[in-house]
Amino acid sequence: MLSSDIVIPDQLCYHCGESCSDTSHSYDDKHFCCNGCQVAYKILKEGDLCTYYELDRNAGVSLKKLKRREKFDYLEDQEVIHKISDFADDKHLSINLYIPGIHCASCVWLLENLSVLDEGVLKSQVNFLRRELDLLIDIRSSSLRSVVELLTTIGYQPEIRFEKLDRTDTPINKDRSLWLKMGVAGFAFGNIMLFSFPDYLNNSENSLGIEFRLIFGALNILLALPVLLYSSQDYLRSAIAAIRQGGINLDVPISIGIAALFGRSLYEILSGTGAGYMDSFTGLIFFLLIGKMIEKKTFDRLSFDRDYRSYLPIAVNRITESGQEQSVSIDKLSPGLTIRLRNQELVPCDCILESEEACMDYSFITGESEPVQVVRGDLIYAGGRISGKSALLRTSREVENSYLTRLWDNKAFSAPDKEKVITSFADRISPIFTYTVLAIALTSGIWWLQSGMEQALSVFTAVLIIACPCALALSTPFTLGSTLNIFSLNGLFIRNSKLIESMANTDTIVFDKTGTLTSPDQIQVEYHGTAPDPVISSLLKGALSESVHPLSRSVAEYLKHIKPAKSEHYNEFPGRGIQIESENHIILAGNSELIKSTWPFLKITEEGSPVSGSVVHVAVDQQYLGYFEIRKGLRTGLNALIVSLKDLFRLYLLSGDNSAQAPYYEPYFGKDHIQFRQSPEDKLNFIQSLQNSDKHVMMVGDGLNDAGALKQSNFGIALSDDISSFSPACDAIIEGSALSSLNRFIDFSKTSMKIILFSFFLSLLYNITGLSFAVTGQLSPLVAAILMPLSSVSVMVFTFVTTRFFAKKMGLKIWK
């Protein structure tokens, strides 16, 4: 084990709170981790905005990775500005920006006081949940570019993605009609109940004068008409559409009940034979709309349908004929252009490398965690990320025709949304229910013909009214709505409640490895061999800290207790390792190829075999010392999760990574259920092959390389350590910390389906009770007014209580 007796003092950056490795960045008796944080502090102080630090100590965003400002040249392109802004004229510009760095009250306070730092900012308002900033800018005294640069300088760089360029001018439809329909129905329901109160107390004609009965009856009709024509139109239209297509859904019996309830009430009021059932009619619509509202409730702040446009940058720097760098939006990239990309920037389209060499990180699209080295003339695929020094590339295809985007040509992405093809249990039983009710109504009507046509029609309509499946219609949305709410409290966000049934039917689960089962916070590093002396250790730590290679960063983090030393000569070989020359020592750290090419006579050994991770060898002055073994460990709690799932489901592991860690995962999945080096197409095809074998597949992945498999699966879950960050197209988003509860989520989805069955049984009991009144000709407005709301309310209470009871029993959170 490497060790050192020199420990870095614990000094925190005044701006962002990160550890300061030295005190070179100091100002106003305060220490900063980098120059960016120091500049941000100066700007805030000059604007007299240091209250920012009082609201939340060290609240700033780290600026160590501050991007270059010239990348914002595209914000001076009027065509781009027009496409990404909400409104723009010759005086003002309004725009909504996504800022991932918003994380606390200090951020909100600072961003809403931008006008102090830039007089051109007329209005700045933060949507904290969406992490969005709405800006109104006076472009006569400022510009969009200068405001974005200011935001970047103080640590709140906006993420402006390619999808913004494809945005249509159609405003976002904030459908409030359902709220309005519910309001109309609720208003009418309350007032009609008030007008009908005398009839509830006494049904005799002496209880209310005939004049008042006519007045209240007319008012009831006026109040009920908007409910029929406006609030209930969705059910009526759905029923008509279903009948035209030769089918019957749950809206058919509901519409029959609506028509019978309103028609009979209208007849009784106008003929003076009764008070009608307008209270029951409006109450029925009101409760049904509550259920529809819960069913429609989605997580607006999350996006479940992202494609490649959500990931690509909006612009890159191209090299002009005069050799100057010029920012250009990527929708204008055409074959033959030369672009320059810097460390950690994404390749927007397929390109040919023009630099001598470069190091590419393809983990974003393939899952392969090891960067690969490419040389001049190699094809660079879109979606790759530059790792290390900048590179020049010549575009060979447009963005839309590149390797990354061809995945979206698969028919899986053109298929209708899964929830639209799911037939709920309520819809499946609707034909049986409808025909049964009609049969009872006809039979009862025929039986009562012996007492006259009027009585027969009265009983016929009474059966249709009391058998209206309002409680049945509420069972599913209220149960699944409660389930959806409980899932969200525990870190699982499902796009649509109908998808819960699909989750409950899962019999096969496919996991992605890198980033899904493994966590960047669970890197395990071990050193095998002879420990270098303190001088070598300090030089090694200093050099590895300078490298951008992920393995170097992992080893540097492992050596964090050692004080770094600056070497006299440092050279990094992309994808191979580093060489240090200092204090009469030559040190190599990297792969075996680097060691062998420098000192071919050295014998490289890997002790502690079998090695189940990546390796960084260390050799000093022509002597081989040992190697660092780097393994990406499982997320916390996943060992127990996989063991518990293994007994209940068929489990598979797909990874774009190499097979070095195969022995580690075989005990969990079995040798035949693990596949490495899987491309995005391979994963999608594998899911299809399982489905062709009648498997109901759940896919759990995290990267863009999983997008096709997630879309193709019966239930796709995208894992994200930050639910507001970008995630692939999916049916649900799960927080990284919640993945260990996946077995309980599946169990709870099954339980929810059972609760729906019980609530169906409960609602049927009410229907049977009501039918006993209806078929005997004893249905009164009071019975209807009590029975119909009571059945709806009791089903709502039943589903609310039982879902929370079983959730708590399973160890899930039910309150926040």
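Before any of the text, the structure's been laid out above.
The model shown is predicted, which means the values in this text are computed figures rather than measured ones.

The next point concerns the overall build of the protein chain. A tally of helices and strands in the protein chain yields 29 helices and 28 strands. Looking at the protein chain residue by residue over its 816 residues, the buried ones come to 53%. Summarising the internal contacts of the protein chain: among those between residues at least 6 apart in sequence, 68% fall at separations of at least 24. With an accessible surface of roughly 36800 Å², the protein chain has 54% of that area assigned to carbon and sulfur atoms.

Inspection of every chain in the model, using the stated rule, returns 14 aromatic pairs. With 6.1 Å between their ring centres and 70 degrees between their planes, Phe 189 and Phe 287 make a pair best called edge-to-face. Linking Phe 189 in helix H7 (residues 177-195) with Phe 287 in helix H12 (residues 278-296), this pair joins segments that are 98 residues apart in sequence. The same class applies to Phe 189 and to Phe 287, which are both buried. Taken together, a centroid distance of 4.8 Å and an interplanar angle of 55 degrees make the contact between Tyr 527 and Phe 628 tilted. Residue Tyr 527 is located in strand S18 (residues 518-529), and its partner Phe 628 is located in strand S23 (residues 623-634); the two are separated by 101 residues in the primary sequence. Residue class for Tyr 527 comes out buried when judged on its relative accessible area of 10%. By relative accessible area, Phe 628 is classed as buried at 0%. A network of ring pairs unites the aromatic residues Phe 189, Phe 286 and Phe 287 as a single cluster. Of note, Lys 181 hangs over the ring of Tyr 230, and the distance from its end group to the ring centre comes to 5.7 Å.

Take helix H28 (residues 742-775) next. In an α-helix, one full turn covers 3.6 residues, which means residues spaced three or four apart are oriented alike. Here H28 spans 49 Å end to end across 34 residues, near enough to the 50 Å set by a 1.5 Å rise per residue. In the segment just after H28, Gly 777 is the residue with positive phi, at about 70 degrees.

Turning our eyes to something else, we now look at the pattern of salt bridges. Taken as a whole, this structure holds 10 salt bridges when the rule is applied. For Arg 394, the salt bridge identified is with Glu 354, shortest N-O distance 3.3 Å. Taken together, the residues Arg 394 in strand S15 (residues 391-395) and Glu 354 in the loop between strand S10 (351-353) and strand S11 (357-361) connect sequence positions 40 residues apart. Of the charged contacts, one joins Asp 512 and Lys 683 as a salt bridge, the two residues approaching to 3.0 Å between their closest N and O atoms. Of this pair, Asp 512 sits in strand S17 (residues 508-512) while Lys 683 sits in helix H26 (residues 680-692), placing them 171 residues apart in sequence. By sharing partners, the salt bridges in this structure join Asp 512, Lys 683 and Asp 706 into a single network.

Most of strand S27 (residues 715-720) sits out of view: six of its six residues are buried. On S27, burial covers both faces: Phe 715, Ile 717 and Leu 719 on one face and Gly 716, Ala 718 and Ser 720 on the other are all buried. Strand direction decides the pairing type here: strand S26 (residues 697-701) and S27, joined by four bridges, are parallel. Within S27, the position partnered with Met 699 by the bridge is Gly 716. Two elements, S27 and strand S28 (residues 732-735), share four bridges in a ladder whose sense is parallel. Bridging from a neighbouring strand, Ala 718 pairs with Ile 733 of S28.

Attention now moves to unusual backbone geometry. With a phi angle near 50 degrees, Glu 583 is a residue other than glycine that sits in the positive phi range. Here Glu 583 shows up in the loop between strand S20 (577-582) and strand S21 (585-590). For Glu 583, a relative accessible area of 43% translates into the label partly exposed. Positive phi, normally seen in glycine, also occurs at Asp 694, with a value near 65 degrees.

Moving on to the sheet that holds S27. Spatial ordering of the open sheet is given by S16-S28-S27-S26-S17-S24-S25, a layout of seven strands whose pairing is mixed. Each end of this open sheet is capped by a strand with a single partner; those strands are strand S16 (492-494) and strand S25 (674-675).

Quick look at the environment of Ile 160 now. Note on placement: Ile 160 falls in the loop between helix H6 (144-153) and H7. Taking the C-alpha atoms as reference points, Ile 160 and Ala 315, 155 residues apart in sequence, are found 8.9 Å from one another. Other than its neighbours up to four places away in sequence, Ile 160 contacts Tyr 74, Leu 75, Ile 84, Leu 97, Pro 313 and Ile 314.

In this section: the environment of Ile 755. Following the sequence through the fold, Ile 755 ends up in helix H28. On the accessibility criterion, Ile 755 (3% relative accessible area) is buried. Considered as a pair, Ile 755 and Thr 799 are 44 residues apart in the sequence and their alpha carbons are 7.0 Å apart. Ignoring anything within four residues of it in the chain, the contact list for Ile 755 reads Thr 479, Phe 798, Thr 802, Thr 803 and Phe 806.

Here the focus is helix H24 (residues 638-646). Of all the residues in H24, the buried ones are Leu 638, Leu 641, Ile 642 and Leu 645. Burial along H24 is one-sided: seen end-on, the buried residues are contained in an arc of 90 degrees. On its buried face, H24 sits against S17, helix H20 (513-517), S23, strand S24 (650-654), helix H25 (662-669) and H28.

Read across the open sheet, the four strands follow the order S3-S4-S6-S5; overall the sheet is antiparallel. Two strands in the sheet have a free side with no partner beyond their single neighbour: strand S3 (87-88) and strand S5 (121-127).

Where nonpolar side chains cluster on the molecular surface, the patch consists of Phe 212, Ile 215, Leu 219, Leu 222, Leu 225 and Leu 229 and spans about 570 Å² of accessible area. With respect to the helices and strands, Ile 215 occurs in helix H9 (residues 210-231). Look at Ile 215 and you get partly exposed, because its relative accessible area is 46%.

Further remarks concern the nonpolar core. The biggest cluster of nonpolar side chains holds 93 residues, and the ones touching the most others in it are Phe 281, Ile 494, Phe 511, Phe 669 and Leu 742. The element that contributes the greatest number of residues to this core is H28, accounting for nine residues. For Phe 511, the contacting residues outside a window of four places in its chain are Leu 517, Leu 645, Leu 651, Tyr 652, Leu 653, Leu 654, Phe 669, Met 699, Val 700 and Leu 742. With 41 residues, the next largest nonpolar core counts Cys 37, Leu 93, Leu 110 and Val 148 among its residues.

How each quantity is defined
Here, residues in each chain are numbered from 1, in the same order as that chain's written sequence. With pLDDT at 70 or above as the cut-off, local features in this predicted model cover only qualifying residues; side-chain atom pairs require 80 or more to be listed or tallied, and sums for whole chains, interfaces and linings still use all residues. Side-chain measures were taken over the full set of non-hydrogen atoms in the model, leaving aside hydrogen atoms and water. In DSSP terms, a helix is any run of H or I states spanning at least four residues, a strand is any run of E spanning at least two, and both are numbered starting from the N terminus. The buried label goes to any residue with under 20% of its type's maximum accessible area, the exposed label to any with over 50%, and the partly exposed label to all in between, with areas taken from a 1.4 Å probe on protein chains only. Every residue pair with non-hydrogen atoms within 4.5 Å of one another is taken to be in contact. Here the accessible surface of atoms and residues is derived via Shrake-Rupley with a 1.4 Å probe, and residues count as covered only by protein chains that are part of the display. Any two of the Phe, Tyr and Trp rings considered here, Trp counted by its six-membered ring, make a pair once their centres fall within 6.5 Å; the pair's planes then place it as stacked at under 30 degrees, edge-to-face at over 60, or tilted in between. Both a distance and an angle decide whether a charge sits over a ring: NZ of Lys or CZ of Arg must be within 6 Å of the ring centre and within 35 degrees of the ring normal. Here the expected span of a helix is defined as 1.5 Å times the quantity of residues minus one. Whenever a carboxyl oxygen of Asp or Glu lies within 4 Å of a side-chain nitrogen of Lys or Arg, that contact is scored as a salt bridge. At least two DSSP bridges between two strands are needed for those strands to be called paired. Here the arc refers to the directions that run from the helix axis out to each C-beta atom. Patch criteria: residues need more than 30% relative accessible area and no salt bridge. Like-charged residues are merged within 9 Å; nonpolar side chains of Val, Leu, Ile, Met, Phe, Trp and Tyr are merged within 5 Å. Definition of nonpolar core: a set of buried residues of the types Ala, Val, Leu, Ile, Met, Phe, Trp, Tyr and Cys, connected through side-chain atoms within 4.5 Å.

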